[in-house]
Amino acid sequence: MESTNHGEGPVAASKRRYIPLNDVLPPLETLVVAIEGSVDPDGVCCLSIPNRVLGDWANNREKNTSFVALANEYIVDEAITLNPEAARLEDLLYRKSLGVVSKVRAARGVNRKNALLRSTTITILNGETISAADLQSELNEVTYMNEEADAFIEGLQEEVQDLKDALSEAQDSQNNPGGKIDAVSNRHARRKIQEVSEHANKALEFLSTYGLVAESLKVHTTSGKTFYIPFSDDAASENEDTVDLRVLYILDRYGVSDAFYHELAMLFSELPRSRAVKKARTDLNHTMQLTRIPGHEGAYRSFERSLCEQLSTMDIGDGAKFSRTSSFVLLSYAILMPVGRYLSGIGNHTIAVVKGAEDYDTISTAFAATFQEIDGLQQLGFVAVNGVSYNIELFFSSDMKFMLTMLGLNAANSIYACPKCTVHRDCRWDVSKPESYYSTTMARTLVTLRRAFASHGRTAAVHQGSVNRPLTAIPVDHMMIDELHLFLRIFDVMLRNLIKMSEPHTQQLVAYIRSCGVSFNIWECESSDGKVEWTSLTGEAKKKVLKLLPSKMKDIPLPNAFLDDVVQLWKDFEVLYNLLSSETPPPNAADDLHLKAKRWIQLFLRIKSDGHQKKFVTPYFHVMVYHVPDAIRQYGNIKQFSCQGVEKHNDDSKRNYFSSNRWDAPAEIMLAEHRLELLQQYAREKRHYTKHAAAYWHEGGMQETRSQMRETLKY
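Numbers given for residues are sequential positions, taken from 1 along each chain in its written order. Predicted model: local features are reported for residues with pLDDT of at least 70 only, side-chain atom pairs are reported and counted for 80 or more only, and whole-chain, interface and lining totals are derived from all residues. As a rule here, side-chain values come from all non-hydrogen atoms in the structure, and water together with hydrogens is ignored.

Description of the nonpolar core
- F367, W570 and W600 are the most contacted members of the largest nonpolar core, which has 109 residues in total.
- In DSSP terms, a helix is any run of H or I states spanning at least four residues, a strand is any run of E spanning at least two, and both are numbered starting from the N terminus. In terms of residue count, the dominant contributor to this core is helix α18 (residues 483-502) (12 residues).
- Contacts between residues were defined by any pair of non-hydrogen atoms, one from each residue, lying within 4.5 Å. Once residues within four sequence positions are removed from consideration, W600 is found in contact with I490, M494, L569, D572, F573, L576, F621 and M624.
- In terms of nonpolar packing, the next biggest core, distinct from the first, is built from 25 residues, C45, A86, V100 and L116 among them. Remark: nonpolar core denotes a set of buried residues (Ala, Val, Leu, Ile, Met, Phe, Trp, Tyr, Cys) joined through side-chain atoms within 4.5 Å. For each residue, the accessible area found with a 1.4 Å probe, counting protein chains only, is set against the maximum for its type, and the residue is called buried under 20%, exposed over 50%, and partly exposed in between.

What follows is the structure in structure tokens.
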């Protein structure tokens, strides 16, 4: 039977004892590099470097420390100094250290110990050591440089002390020996301000090294009084008597009153004085020649001279148009190039203003000289600018009321109210006639208008609405109906009919119109039985409602019998307006507009509701069907004759009126506009802003936010 011995007796394996090398090797810090003689004829001596030291250099050497520098630290008694520039020696020490590391890693046990206890001998050649004489020379050079540095520092310290003494002296001389400015008389205060100006000018002389010049200094006293201190007499007089034209432009552009600017200039003394602003404004006014209108509160300037001035500074256009505003009647023109400029207020230029009613008598007498000049240019057909002749073509554009007045016709609600033809009021709804029907035998011309006026006093069928002589010689086919007013007046008819059809649920209609992002309300008149009025929307608000409301009409409580037709009527009118107001209509736009406008009027009459009868087909309806297509066919588009820029221009004129002293408002309106034209180069160029949130900017979000703010303010 076998037995097992578990670790007892001779069968048990003996345990091997490993002794750490650090316990049998001498400490690293006790090792040195010994110097020995060299058998090499080119050698100076030999270095005996312990392998353990070489291995330590290879493993623990800092990145920027050379092997030669490490060897110099280990040489016994610093007997020699190795040259740090000895490249051969540096490379040899590097390779020897790596060799030692490789051998030690490959060895085990006693062999590793023996490898670490051995030394490596390296021969030092001529030139790889530094002699004592070289060391002494280097030491002497360093000592000399230190002495020079000490002398330089001592000199700088003396200069600094001199500067401190000079600064202390200057401060003592600049200190105020007397009382403070608040505590002395005005005459004494002016003398002290002059002293401050001189001292400050000296203190700021360093600015010239930066290419800068100090013109003035603004200071405050402890009591809060402000002083503007110029650095020279020229600067003082310049501030008092000259005006930065950018300031004058801003004052006119935003209608800032003289009283407001005077108070502002009193608070901020660095601003030009108000008297200087008035003088600069007067100097600009003298560059414009105005003529008073006899018998009226009004003024005008030469149309030809103004046109030549604009042609000399702008791209050349091939036409001009005129328009007016209410309360004050304004005649203004715009050059139809560059494209789009005429749609802005700055692209329109006033040539005559009169305060009075917008009727034939006022316009004919007040603007007689202007119309005479226009007729002369119309007959001549060109203007000369700097010796160059430019052909011109004059157009007239306005709303229906003013155009009828210019043509000497009756009001827009008369029997023969179309400015283009002699269609009867009872036939305006009839769209069965071909497009050319009203532009041939029934077309109005200056000759037929004058002949009809000569027969005035007979029946309306004879004079056909001509109750006065036409005011200008501009041909009738150059009398352009404004597309903006056409849209506004037809929209008003559609909105009025929609309000009537929504009764008695008008408040629901109000809610849906407001959801389009516009402010709107309907209320009952206190002075009439059952009649209602509603908010007068702006042109942009009406365009927004036309675009967004049709998709919401299905939820408005309208009679089911014609709900679909009403929705379609609104949608089709948006298509019509986009077509007739396009600046770049398609080639077949005129024919397409005529056909779509005919169908639209037929749809309008098909709705059997109050407000859709034949009598509500206004002259604008008729013009849209039969005369706008012809204008598009002749002139490319009618957007170029839009009064959009005129309306913006009129807003500017109204602002100038309210900011003036109103003693001579017509002249001030024209002079303010003239100054803005001269100072337009000083307008700030606005930064570009990209409107990313379409729902906020174009779909009513902005108006809805403003409406919420107004509701909040009520509480």
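After presenting the structure, the write-up continues.
Quick notes on the side chain of K420
- With respect to the helices and strands, the residue K420 is situated in the loop between α15 (400-406) and α16 (446-454).
- Charge assignment in this entry is limited to Lys and Arg as positive and Asp and Glu as negative, and neither His nor the chain termini are counted. Put simply, a salt bridge is a Lys or Arg side-chain nitrogen that is within 4 Å of an Asp or Glu carboxyl oxygen. Within the buried core, K420 has no salt-bridge partner, and the shortest N-O distance to an opposite charge, that of D477, equals 6.5 Å.
- Beyond its immediate sequence surroundings of up to four residues, K420 is in contact with M442, A443, R444, V476, D477, M479 and H627.

Observations concerning the layout of surface pockets
- Any residue with an atom within 4 Å of a point lines the site, the site being either a cavity, points on a 1 Å grid over the protein atoms alone where a 1.4 Å probe fits but cannot get out, or a pocket, an open set with protein on both sides within 12 Å along at least 5 of 7 lines. Grid points are joined across faces, edges and corners, and a volume is the space filled by probe spheres set on the points. Volume-wise, the second largest pocket comes out at about 580 Å³.
- Around the second largest pocket, the lining comprises 23 residues; the ones closest to its centre are Y249, R253, I346, Q680 and A683.
- Those elements that place two or more of their residues in the lining of the second largest pocket are α9 (245-253), α25 (644-659) and α26 (665-678).
- At five residues, α25 tops the list of elements feeding residues into the lining of the second largest pocket.
- Amino acids are sorted into nonpolar (Ala, Val, Leu, Ile, Met, Phe, Trp, Tyr, Cys and Pro), charged (Asp, Glu, Lys and Arg) and polar (every other residue, Gly among them). Among the residues making up the lining of the second largest pocket, the classes are represented as seven nonpolar, eight polar and eight charged.

Observations regarding the pairing of strand β4 (residues 119-125)
- Every second residue of β4 is oriented toward a common face, the buried set being T120, I122 and I124 and the non-buried set S119, T121, T123 and L125.
- Two strands qualify as a pair provided DSSP detects at least 2 bridges between them. Pairing analysis gives seven bridges linking strand β2 (residues 43-50) to β4, with the strands arranged antiparallel. Within the sheet, the bridge partner assigned to L47 lies in β4 and is I122.

Some thoughts on the packing of aromatic side chains
- Only rings of Phe, Tyr and Trp enter the pairing, Trp through its six-membered ring, and a pair is recorded when the two centres are within 6.5 Å. The plane angle decides the type: under 30 degrees is stacked, over 60 is edge-to-face, the rest tilted. If you walk through the whole model with that rule in mind, you get 19 aromatic pairs.
- Each ring, one from F395 and one from F641, has its centre 4.8 Å from the other, and the planes form 45°; the classification is tilted. Pair noted here: F395 is in the loop between β13 (388-391) and β14 (396-398) and F641 is in the loop between α24 (628-635) and α25, with a separation of 246 residues, a long-range link. You'll find F395 and F641 in the same group, each marked buried.
- Relative to Y438, the ring of Y437 has its centre 4.9 Å away and its plane inclined at 90°; by these criteria the two rings are edge-to-face.
- Joined through ring pairs, the aromatic side chains of F487, F491, W570, F573, Y577, W600, F604 and F621 make up one cluster.
- One Lys or Arg, R253, reaches over the ring of Y254 and ends 5.3 Å from the middle of that ring. To sit over a ring, a charge needs its Lys NZ or Arg CZ within 6 Å of the ring centre and within 35 degrees of the ring normal.

Some words on the environment of K96
- Secondary-structure assignment places K96 in helix α4 (residues 87-106).
- Overall, the relative accessible area of 34% leaves K96 in the partly exposed class.
- Considered as a pair, K96 and T120 are 24 residues apart in the sequence and their alpha carbons are 7.9 Å apart.
- When neighbours within four sequence positions are excluded, K96 is seen to be in contact with L54, T120 and I122.

Remarks on the sheet that holds β2
- Taken together, the three strands give an open sheet; going across it, the order is β1-β2-β4, and neighbouring strands pair in antiparallel fashion. Of all strands in the sheet, those bounded by a partner on one side alone are β1 (34-36) and β4. Direction aside, the axes of adjacent strands within the sheet are offset by 30° on average.
- Pairing analysis gives three bridges linking β1 to β2, with the strands arranged antiparallel. Directly across from A34, in β2, lies its bridge partner S48.
- On top of the sheet, helix α2 (residues 51-60) reaches β2 and β4; it is set at about 80° to β2, its chief contact.
- On the sheet, α4 packs against β2 and β4 and is oriented at approximately 170° with respect to β4. Every axis corresponds to a line fitted to the C-alpha atoms, with the helix fit spanning only the stretch in contact, and the corresponding angles, defined between N-to-C directions, vary from 0 to 180 degrees.

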